[in-house]
Amino acid sequence: MRRIRQQAHFCWAYHARLEDRVKSLKEILTVSDDEKLNREVRERLDYEEKAYGIFVENRDPECIYVVHPDDKFKYRNGYFSSFRNAVLYGNGNCSERYKVVKRYLSDSVRKNF
């Protein structure tokens, strides 16, 4: 049991992409018989699902999505009001990987002054 708990920790701590972390934790649920661990993993997965939904939804008009491409010399950052458009830009305008972050407009203005 301890070994699976350690695997769960490493899956969460060492995967950079949320998608990979979630996938690994779901795999642990299929092999673990530790009820306490399974409950903790389910709670984490529920939390991440809600947090991701809030991130994607963007009910705050003061927030924008910024796409950071993997190749900054070839592609420029993209700025969007919707997550969907940010992902479309990333898929169509980045060579391999990109990162989408949510920023407050006021943060962008402060950094420029």
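Everything below is about the structure shown above.
These lines cover the structure that appears in this document, whether it is placed above or below.

Cut-offs applied
- Residues numbered from 1 in each chain as written.
- Predicted model: local features only at pLDDT ≥ 70, side-chain atom pairs only at ≥ 80, totals over all residues.
- Heavy atoms only, no water.
- Helix = DSSP H or I, 4+ residues; strand = E, 2+ residues; numbered from the N terminus.
- Rg over C-alpha atoms; globule rule 2.2 N^0.38 Å.
- Buried < 20%, exposed > 50% of the residue type's maximum accessible area, 1.4 Å probe, protein only.
- Contact = heavy atoms within 4.5 Å.
- Areas by Shrake-Rupley, 256 points an atom, 1.4 Å probe, with all protein chains shown as cover.
- Lys, Arg positive; Asp, Glu negative; His and termini not counted.
- Charge placed at Lys NZ, Arg CZ, Asp CG, Glu CD.
- Axes fitted to C-alpha atoms, helices over the stretch in contact; angles between N-to-C directions.
- Parallel < 35°, antiparallel > 145°, perpendicular 65-115°, else oblique.
- Left-handed = near helix turned anticlockwise from the far one by under 90°.
- Nonpolar A, V, L, I, M, F, W, Y, C, P; charged D, E, K, R; others polar.

### Observations concerning the overall build of the protein
Line of reasoning, step 1. Each helix and strand counted, the protein has five helices and three strands in total.
Line of reasoning, step 2. What you see in the protein, going N to C, is helices and strands ordered as α-α-α-β-β-α-β-α.
Line of reasoning, step 3. Taking 113 residues into account, the globule formula puts the C-alpha radius of gyration at 13 Å, and the protein, at 18 Å, lies well above it.
Line of reasoning, step 4. By its C-alpha atoms, the protein is 50 × 30 × 25 Å across when sized along the principal axes.
Line of reasoning, step 5. Considering the protein as a whole, with its 113 residues, one finds that 27% of them fall into the buried category.
Line of reasoning, step 6. A fraction of 48% describes how many contacts in the protein between residues 6 or more apart in sequence connect residues 24 or more apart.
Line of reasoning, step 7. Accessible surface for the protein amounts to roughly 8800 Å². Of this, 51% is attributable to carbon and sulfur atoms.
Line of reasoning, step 8. Charged side chains of the protein number 23 positive and 18 negative; the gap between the two group centres comes to 4 Å.

### Details of the environment of Glu35
Line of reasoning, step 1. Mapped onto the elements of the fold, Glu35 is located in helix α3 (residues 35-57).
Line of reasoning, step 2. Between the C-alpha atom of Glu35 and that of Asp46, which follows or precedes it by eleven residues, the distance is 16 Å.

### Describing the packing of helix α2 (residues 18-31) against α3
Line of reasoning, step 1. Packing of α2 against α3 leaves a shortest axis separation of 10 Å and a crossing angle of 150°. Considering their axes alone, α2 and α3 lie roughly antiparallel with respect to each other. You can see that α2 and α3 cross each other, and the crossing is left-handed. Residues Leu18, Val22, Leu25, Lys26, Ile28 and Leu29 of α2 pack against Leu37, Asn38, Val41, Arg42, Arg44, Leu45, Glu48 and Tyr52 of α3.
Line of reasoning, step 2. Per-class residue counts for the contact of α2 with α3 are nine nonpolar, one polar and four charged.

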